[in-house]
Number of protein chains: 2
Amino acid sequence: MASEEVYRASTYAPVNIAVIKYWGKRDTKLNLPTNSSLSVTLSQDELRTHTTAACSPSYAADSLQLNGQDQDISGARTQACLRELRQLREHVETQAPSAPRLSGMKLKIVSENNFPTAAGLASSAAGFAALVRAIANLYQLPSRPTELSRIARQGSGSACRSLFGGYVGWNMGTNSDGSDSTAYEVASASHWPDMRALILVASAEKKDVSSTAGMQQTVATSSLMEHRIKEVVPKRMVRMEKAVHDRDFEAFAALTMKDSNNFHATCLDTDPPIFYMNDASRAAVRMVEAINTNAGKTVAAYTFDAGPNAVIYYLVDDEDAVAGTFKAILGDKTGWDGKRGQAVKTGGSAPEGYEVVSDSLKKGISRVILTAVGDGPRKTEQHLL
Amino acid sequence: MASEEVYRASTYAPVNIAVIKYWGKRDTKLNLPTNSSLSVTLSQDELRTHTTAACSPSYAADSLQLNGQDQDISGARTQACLRELRQLREHVETQAPSAPRLSGMKLKIVSENNFPTAAGLASSAAGFAALVRAIANLYQLPSRPTELSRIARQGSGSACRSLFGGYVGWNMGTNSDGSDSTAYEVASASHWPDMRALILVASAEKKDVSSTAGMQQTVATSSLMEHRIKEVVPKRMVRMEKAVHDRDFEAFAALTMKDSNNFHATCLDTDPPIFYMNDASRAAVRMVEAINTNAGKTVAAYTFDAGPNAVIYYLVDDEDAVAGTFKAILGDKTGWDGKRGQAVKTGGSAPEGYEVVSDSLKKGISRVILTAVGDGPRKTEQHLL
């Protein structure tokens, strides 16, 4: 078989970390959320999924490989993405009869993360965003990121936000078919490029409850969840968008920390309770508070997803005050050896009176990742097959 | 001076551990709560405050000693209790002019706990209940426990519940002067005498935030608190009273665990967040869940006050399944050597698959206390001076 009969396209896609959290679905099949959310897209220099999508008349079946391991592609979520993308390709083929009939060929998808998958770093968001974006490139779909976000959402809810760079909202929508539950750009990375993120990766510990299972337990049992959905989040979405537009870090930080705590509060109020934060997470909270107290203003904001890792947002001007304080404590951990990490000046030693907190961090954190706000998916000619 | 001029009376008073939690004041001066609460009074064999109140024309000033240390008696809360009790004594003296004029004499109060004060075991509740009860005995007040609970509440909110034995409610009340914010007996200890409590005392760690400060931060900043107060607790109070009346342990346990988690969720939702539970607390939760799963029904219920100690309620018939499982893990800690502890048969080894949980318990728990539901304050002729 001639090699020209293999069609392929590749993309990189980023990780995003929410500052207004997604937790709870009103439709589990379509991944329609119970509330809107907002995230920061992180730089692909440090965290990205690289995906090549290929199709050929010679392929016998759809297949998906991640980091060299064959993955089950038969799940309803992956199938929903493939089905929707093929339908859009069929439309292209109907419009341009000379276009090759790619929609009828089987797909081979190969993916690689440049970070440990198991570290709890939102890999499914980057993964589904890359899968959808790579196939859209392969199919030469005219779809805009908003349309693709609708498809990626069906793979993994938060994946919809990884179709955009910068500061990204996900409108929960109201339609029962999910057609208006899509992501949108609140502001580009270049609007507020100074945003940095320090990720404290917790030592391997079995995850308490998967986020897919956990969020529905919370919806079903937490007496506080309805209040979060109806009262708390809608107001915070408005304020957070304004904070981003105004580049108001203090407002951004206050909302980020409150919403992380509010989300983990509803987890604790779940029956049985879900604990994602551990003693090291609590220590990270206390250290951020100490850094802000020392600075006399809010220069750092923590947030925790469905796991113990801390993500700490700060502006580049405060790098030594924020990342430098953590480097003074965690300087012997993996992750400071990159370009960004080497540039961080340790602010001397850890704050006085925080010996117990420092000790918890040293015990509970295994590596750090320094990164920043970044762009959306990038097309690449580097193919993985 | 003749010795007969010293008048004295003594009492023991119990600790209580809430199953529907008190957290938040609508009036900080009068200790009027934002919601009603319900507790179990624990046996004075294991946990009690012993207090002697004395007065004499020869005393120059009011004084208070706890565990051999002089305490500041000038605080508004202690003063409020003394003032109210003296007023009631004045009323007695007016009615019976031959009664000695004790209301005009200075008081000497001496207190001793039979447990470590710093262990976070609700010592202020037992302390103020004993202070009020001892002075009421000294003054030969005709007041019923309800009236005394109104006074003790002004010393420490939860102290009002330690004026009663068994299962005790504290009605939040509606009057602005606090006259209807008093404790009441839901059921006596003899109504449901099988209730046991295993307390896992966490290794000394500085308390995150005092409960007095913490609860008002929650009231001021938690977006979930109002929902807890208005919607969650009122329904649970009704259900919990019914569970106690019906001796329905499964209902009692479910409500106890949910309300503990709900309370800690509002703490986490506080700005800045308050963490009372640590990794050992979380391990206790998981172990209780494992015990219930193994038993095929709910035989154990955890609850956590404003600190990392776990209090685990169970019925005497399930002692080996519940306390025995913890003894298998924590058998080398202080506290099993008493009569109750020796009687506990270890249920063999810890459940399989709970090695990490067991390890967290071993690291984080320093001692255990085995106790049971018990009676209210007991008068004693054992005087401390």
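Being a predicted model, the structure only gives us computed values, none of them experimental.

Asker: Break down the pairing of strand S1 (residues 7–14) of chain A for me, with residues and values.
Answerer: All names here are of chain A. The buried count for S1 comes to six of eight residues, which makes it a mostly enclosed element. Pairing of S1 with strand S6 (residues 48–56) involves eight bridges; the strand directions are antiparallel. Pairing of Ala 9 across the sheet is with Ala 53, part of S6.

Asker: Lay out the environment of B:Ser176 with the relevant residues and their values.
Answerer: Residues and elements named next belong to chain B. By secondary structure assignment, the location of Ser 176 is in the loop between strand S10 (167–170) and strand S11 (183–187). Overall, the relative accessible area of 66% leaves Ser 176 in the exposed class. Beyond its immediate chain neighbours, meaning those up to four positions away, Ser 176 contacts Asp 27, Leu 30 and Leu 32.

Asker: Talk me through the domain arrangement of chain A; I want residue IDs and the actual numbers.
Answerer: All names here are of chain A. As far as domains go, chain A holds domain 1 (7–189) and domain 2 (195–372). Once you take the C-alpha centre of each, domain 1 and domain 2 turn out to be 26 Å apart. Taken together, the contact between domain 1 and domain 2 spans 31 residues of the former and 43 residues of the latter. Summed over both partners, the interface of domain 1 with domain 2 buries about 3,000 Å², with 68% contributed by carbon and sulfur atoms. Considering only the side of domain 1, the residues that lose the most area to domain 2 are Ile 20, Lys 21 and Trp 23, jointly responsible for 29% of the buried surface there.

Asker: Outline the relation of the copies chain A and chain B, supporting the account with residue identities and numerical values.
Answerer: Expressed as a screw transformation, the operator carrying chain A onto chain B has a rotation angle of 180° and an axial translation of 0.0 Å, and the superposed copies differ by an RMSD of 0.0 Å. Taken together, the rotation and translation describe the operation of a two-fold axis. For chain A, the minimum C-alpha distance to the rotation axis belongs to A:Ala265 and amounts to 2.1 Å. The overlap is high: 100% of the interface residues of chain A also sit at the interface in chain B, so the same surface is used on both sides.

Asker: Lay out helix H8 (residues 319–330) of chain B with the relevant residues and their values.
Answerer: Of all 12 residues making up H8(B), nine are buried, and the element is well covered by its neighbours. Along H8(B), the positions that sit buried rather than exposed are B:Glu319, B:Val322, B:Ala323, B:Gly324, B:Thr325, B:Phe326, B:Lys327, B:Ile329 and B:Leu330.

Asker: Kindly report on the packing of helix H1 (residues 76–95) of chain A against helix H3 (residues 145–155) of chain A, identifying the contributing residues and their values.
Answerer: All names here are of chain A. Two elements in contact, H1 and H3, have axes whose closest approach is 7 Å; the angle formed by their N-to-C orientations is 155°. Considered as vectors, H1 and H3 are oriented roughly antiparallel to each other. Here Arg 77, Ala 80, Cys 81, Glu 84, Leu 85 and Leu 88 of H1 lie close against H3, whose contacting residues are Glu 147, Leu 148, Arg 150, Ile 151, Gln 154 and Gly 155. For the contact of H1 with H3, the residue count by class is six nonpolar, two polar and four charged.

Asker: With reference to specific residues and values, describe the pairing of strand S13 (residues 300–303) of chain B.
Answerer: Residue and element names in this part refer to chain B. Here S13 shows two buried faces, one formed by Ala 300 and Tyr 302 and the other by Ala 301 and Thr 303. Sheet topology note: the S13/strand S14 (residues 310–315) ladder contains four bridges and is antiparallel. Residue pairing in the sheet places Ala 300 in a bridge with Tyr 314 of S14. Here S13 hands over to S14 after six residues, the two strands then running antiparallel side by side.

Asker: Kindly report on the sheet that holds strand S5 (residues 37–41) of chain A, identifying the contributing residues and their values.
Answerer: Sheets are built from strands paired through backbone hydrogen bonds, the pairs being either parallel or antiparallel. All names here are of chain A. The strand order across the open sheet formed by four strands is S2-S5-S10-S11, and the pairing between neighbours is antiparallel. At either end of the open sheet lies a strand with only one pairing partner, and these are strand S2 (16–20) and strand S11 (183–187). Geometrically, the sheet is characterised by an average inter-axis angle of 35° between neighbouring strands, direction not taken into account. The sheet contact formed by S2 and S5 spans four bridges and is antiparallel. Following the sheet pairing, Ile 17 is matched in S5 by Val 40. Sitting on the sheet, helix H6 (residues 249–268) touches S2 and S5, and the angle it makes with S2 is about 95°.

About the cut-offs
- Each chain carries its own residue numbering, running from 1 in the written order of its sequence.
- Chain letters and ligand numbers both follow the written order, the letters beginning at A and the numbers at 1.
- In keeping with the model being predicted, local features are shown solely for residues with a pLDDT of at least 70 and side-chain atom pairs are shown and tallied solely at 80 or more, while totals for entire chains, interfaces and linings include all residues.
- As a convention, hydrogens and water are excluded, and side-chain values are obtained from all of the structure's heavy atoms.
- Each residue's exposure class comes from its accessible area (1.4 Å probe, protein chains only) as a fraction of the maximum for that residue type: buried when under 20%, exposed when over 50%, partly exposed otherwise.
- Numbering goes from the N terminus for both helices and strands, where a helix is a DSSP run of H or I of at least four residues and a strand is a run of E of at least two.
- By this definition, two strands are paired if DSSP reports at least two bridges between them.
- Note on definitions: a residue-residue contact is assigned when non-hydrogen atoms from the two residues lie within 4.5 Å.
- Where a domain begins and ends is set by an automatic assignment or by a domain database.
- In short, buried area is how much 1.4 Å probe accessible area vanishes from two parts on joining, totalled over both.
- For the least-squares superposition of copies, only C-alpha atoms count, and only for residues with pLDDT at least 70 in both.
- Fitted lines through C-alpha atoms give the axes, limited to the stretch in contact for helices. The angle between two N-to-C directions lies from 0 to 180 degrees.
- Note on terminology: angles under 35 degrees are roughly parallel, angles over 145 are roughly antiparallel, angles of 65 to 115 are roughly perpendicular, and the others are oblique.
- Any residue that is not Ala, Val, Leu, Ile, Met, Phe, Trp, Tyr, Cys, Pro, Asp, Glu, Lys or Arg is counted as polar, Gly included; the first ten are nonpolar and the last four charged.

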